[in-house]
2 protein chains.
Amino acid sequence: MAKSSSFPHLILPKGNIKDGLYYALRDAILDGRLSSGIKLPSSRALAEMMSISRNSVLAAFDRLLDEGYLLTKSSSGTYVVETIPDHLIQIQQDVAHSKQSKPQPLNINPYLESLLPAWKKQSLPSQGEKMFHVGVGCLDIFPHQLWGKLLTHAWRKSYHQLGESHDPRGYLPLRQAICHYVRSTRGINCNEEQIIIVNGIQQAIHLAAYTLLKPQDQVCLDEPGYDSALNIFRSFGVDVHPVSSDDEGMRIPEIIQDYTKSKLIYTAPSHQFPLGGTLSLSRRFMLLDWAAQQQKWIFEDDYNSEFRYRTHPIQALQGLDQQQRVIYSGTFSKMMFPEFRLGFMVVPENLINAFSLAKYYTDTRSSHLEQVALTLFIQEGHYARHVRKVRKACYERQQALIEAIQNHLADILTVQPTDSGIHLVCWLKNNWTEQAFIKKCTEAGLFVQPLSRYCQHSTQKAAVLFGYAAHNPDEIKENIEKLANMLRQDDNANFAGE
Amino acid sequence: MAKSSSFPHLILPKGNIKDGLYYALRDAILDGRLSSGIKLPSSRALAEMMSISRNSVLAAFDRLLDEGYLLTKSSSGTYVVETIPDHLIQIQQDVAHSKQSKPQPLNINPYLESLLPAWKKQSLPSQGEKMFHVGVGCLDIFPHQLWGKLLTHAWRKSYHQLGESHDPRGYLPLRQAICHYVRSTRGINCNEEQIIIVNGIQQAIHLAAYTLLKPQDQVCLDEPGYDSALNIFRSFGVDVHPVSSDDEGMRIPEIIQDYTKSKLIYTAPSHQFPLGGTLSLSRRFMLLDWAAQQQKWIFEDDYNSEFRYRTHPIQALQGLDQQQRVIYSGTFSKMMFPEFRLGFMVVPENLINAFSLAKYYTDTRSSHLEQVALTLFIQEGHYARHVRKVRKACYERQQALIEAIQNHLADILTVQPTDSGIHLVCWLKNNWTEQAFIKKCTEAGLFVQPLSRYCQHSTQKAAVLFGYAAHNPDEIKENIEKLANMLRQDDNANFAGE
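Residues numbered from 1 in each chain as written. Chains lettered and ligands numbered in written order. Predicted model: local features only at pLDDT ≥ 70, side-chain atom pairs only at ≥ 80, totals over all residues. Heavy atoms only, no water.

**Student:** Just to check I follow, could you spell out the overall build of chain A for this structure?
**Tutor:** A count of helical and extended segments in chain A gives 19 helices and 15 strands. Radius of gyration (C-alpha) of chain A: 31 Å, far over the 23 Å computed for a compact globule of 498 residues. Referenced to the eigenvectors of the C-alpha coordinate spread, the extents of chain A come out at roughly 95 × 70 × 50 Å. When burial is assessed residue by residue, chain A has 60% of its 498 residues classed as buried. Partitioning the contacts of chain A with sequence separation of at least 6, the portion at a separation of at least 24 is 72%. Accessible surface for chain A amounts to roughly 20,200 Å². Of this, 48% is attributable to carbon and sulfur atoms. Charge centroids of chain A, computed over 51 positive and 51 negative side chains, lie 4 Å from each other. (Helix = DSSP H or I, 4+ residues; strand = E, 2+ residues; numbered from the N terminus. Rg over C-alpha atoms; globule rule 2.2 N^0.38 Å. Buried < 20%, exposed > 50% of the residue type's maximum accessible area, 1.4 Å probe, protein only. Contact = heavy atoms within 4.5 Å. Areas by Shrake-Rupley, 256 points an atom, 1.4 Å probe, with all protein chains shown as cover. Lys, Arg positive; Asp, Glu negative; His and termini not counted. Charge placed at Lys NZ, Arg CZ, Asp CG, Glu CD.)

**Student:** Can you walk me through the domain arrangement of chain A in this structure?
**Tutor:** Domain boundaries in chain A define domain 1 (17-88), domain 2 (143-384) and domain 3 (388-497). On a C-alpha basis, the centroid separation for the pair domain 1 of chain A and domain 2 of chain A is 59 Å. (Domains from an automatic or database assignment.)

**Student:** Please explain the packing of aromatic side chains as it appears in this structure.
**Tutor:** Between two aromatic rings, the relevant description is the distance of the centres plus the angle of the planes. This structure, assessed with the given rule, holds 55 aromatic pairs over all chains. Between phenylalanine 233 of chain A and tyrosine 266 of chain A the ring centres are 6.2 Å apart and the planes differ by 70 degrees, which places this aromatic pair in the edge-to-face class. With phenylalanine 233 of chain A in helix α11 (residues 227-235) and tyrosine 266 of chain A in strand β8 (residues 262-267), this pair connects stretches of sequence that are 33 residues apart. On the basis of relative accessibility, which here comes to 3%, the residue tyrosine 266 of chain A falls in the buried class. Taking 6.1 Å as the distance between ring centres and 40 degrees as the angle between the ring planes, the aromatic pair formed by tyrosine 309 of chain A and tyrosine 395 of chain A counts as tilted. Highlighted residues: tyrosine 309 of chain A in the loop between β9 (297-301) and α14 (317-320) and tyrosine 395 of chain A in helix α17 (residues 382-408), separated in sequence by 86 residues. Residue class for tyrosine 309 of chain A comes out buried when judged on its relative accessible area of 14%. In this structure an aromatic cluster arises from ring pairing among Phe142, Trp147, Tyr181, Tyr328, Phe332, Phe337, Phe340, Phe344, Phe377 and Tyr383 of chain A together with Trp155 and Tyr159 of chain B. The ring centre of tyrosine 79 of chain A lies 4.2 Å from the NZ or CZ of lysine 73 of chain A, which sits over that ring. Above the plane of the ring of tryptophan 297 of chain B lies arginine 325 of chain B, whose end atom (NZ or CZ) is 3.9 Å from the centre. (Phe/Tyr/Trp six-rings, centres within 6.5 Å; stacked < 30°, edge-to-face > 60°. Lys NZ or Arg CZ within 6 Å of the ring centre and 35° of its normal.)

Structural data, given as structure tokens:
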């Protein structure tokens, strides 16, 4: 009984008595008050000591036995295990106390680590800043009631087949529907086996980097260009060569001449991001020819293909490629809504296995329910109708923004002409810097992006990007007027102050 | 008119006349029948020649002008562009003809490429093989009507806030609900900032490899163990050390002694996959202590934590870690259904930024709608109820399988005892090989896995895995009897043949 007499004073937390005793005993073991090898009082004695039922004590013992804090020796009683060396437990406390003392190096993937400083600074819209967010589609005209019905329908269709989907490429009827759609609207040359459903273009780029590249491989991409693409390639340790554009689009001759070791060319040939240029036909053939001869891969980002307002969509690069060097990618997030994370890739036949494996080892496969709902949305003709409606609305919104800027901000901004996309590039005049202009926008609750965000090497003239698709013409007009008034008041204040 | 007279004979495909003329002209340009620089007939002349309306011709011209096949010279007419060098177009044809001729090296990520041969052979259940698939939960008792309602509810709740979710870690109310749940059920020590919603544990492992490791880094993992984890690490070029288990679970002393350069230890300490062992408390402390001293990372895969039938769940390793070295991961796919691709990670505070960035550059964020529905499912208490129901059903199913095997296959199989998980390991007796037994299973429509699938280096005794959670006791009994009868018939046939 000598040992039981050294039994520490336990404080039971309020609430569940059984769990309370478990935690009290465990803490006593971990902080050394109940040392290794000590014999515990009998469950009956402990119940009496703590004024709780014997069953509660037995339950706590059971759990501690299960977790290895206690052990029973045949008929001689219950002991604290000896196998936890005291110093290990002691360290736990030292550590807890010294937790804040010295910052340690992270010891993570160095390529990804190098992106962290910029990532921490990356601005996202705050609560008040909703206007003009780049990359957001026409949310207000999305047929949300219909979509709600299709979700219900999709679930009813799926639940008795749960456990039967195994293809990492995704839901076959959706792959068939997409195959049919891109063949007719984008001139894509493919069969359903080549379609892989992914969680948006971001995942398509990630999968391409993961599947095709290793550290120190070389990649060319548009400059200015999509900053996430650049960072994804960098996170895989890939050396990135930015390639600028001229009137014919990306300078393909520069790639062929200077970047002969590039393994992959990332490009948005139909609508270069963010400036909106188009790759000329001769350059398309030049790029395809070089890729075929030199066994290079081309990643075609066709993010904006459906947002074309006055002219026929330009045929995808993939459709001209007869050598299967193009990995094509499109998204539904822009046409539907940003929270809808589905897109697709069309991959060359000899890469089907590699991309299936990559998708499987990335996240097994994409959300099934939303794939089924999207299939119904496409098959029943709603998608094509929605695309037409969105095109019309986007064009009106673009015109409203151009008009509002020309009426109210002509002394500061020059609109870059475009007939596609869901944002406008506006060049700053009169020595306005991007920083100064964006500061004003933020004060007005507008989430406008500086062009410099998309430039890694080149020094473009100062410009800002306005996303317009999510706002109706009245909102657009009103917010531009608000911004203009604010700028004018500042001007007056400056005058007054001088 | 000399040039127009050399105008080739165009065949219009049936259907849309405008598109037909576009394709006919484009093909003629691409195959060289309409050569560079040639002047086209006027739209009026061409309309007459082809017997179609002038508007159709103009539309086709417009599109070809847009795409850069044609150009207009001021008031002198429309020409085929000169900038497509003839040899480029020619190559397209050569290529098309020589397409099948010689297989090229793939030129992809060599680490991922090395996994392709095994991937191609990997077996997935075919239409007839549904029984005993490892890793599938209790699909038949999932409350599908309730879930259908919650999906509708979730969509109604979300659609007027579309475009407002920006945190790559996922939907805040879900992260809060999970934080609360794992603190109380798993003893996890965390706040909601540390929770990252991912698309199942597969993505958690992928993100850990992507965030923490680079090629030639070293990792230790369970042997036998989860084959996908092994392959994911290998796909990132990481050197993997398999570590076997004894009565106390994974041999941590071996890691500390032999694999000092390991940067990450992947382990399933509560229920080692597939054999079901538990890591002893002293080894838990040993591992945590070493990781803290040496700045190692531990990936805790807690895939099966909620499938425990008779004993209290074992507290997670993460809850004992006071040095923030553990990356903890759980999934909802097993408790819900395999098509439901949501899981979560709990990451150390100093890795929140790195994992947020990694998730963003992998697929931006997880499916929003299903996150909202899952939040409702948890918050309204349905999840906890479902877990209790599943535990009860799984235990019955496990017992039914054990009984059926003992009654009908005792001469072939010895069941490995376990009180948790959703599969049983059965050791083969009487010189049965895994291959021979699985051949019989396949003939009986059963999708049973060989233990060797999960062994990379060690030679375990022959065994097979039966997943039992998805089938009710009658189905289980019936299918085991069917298999037993088949095996007995074979025996008789063999006798008869002798």
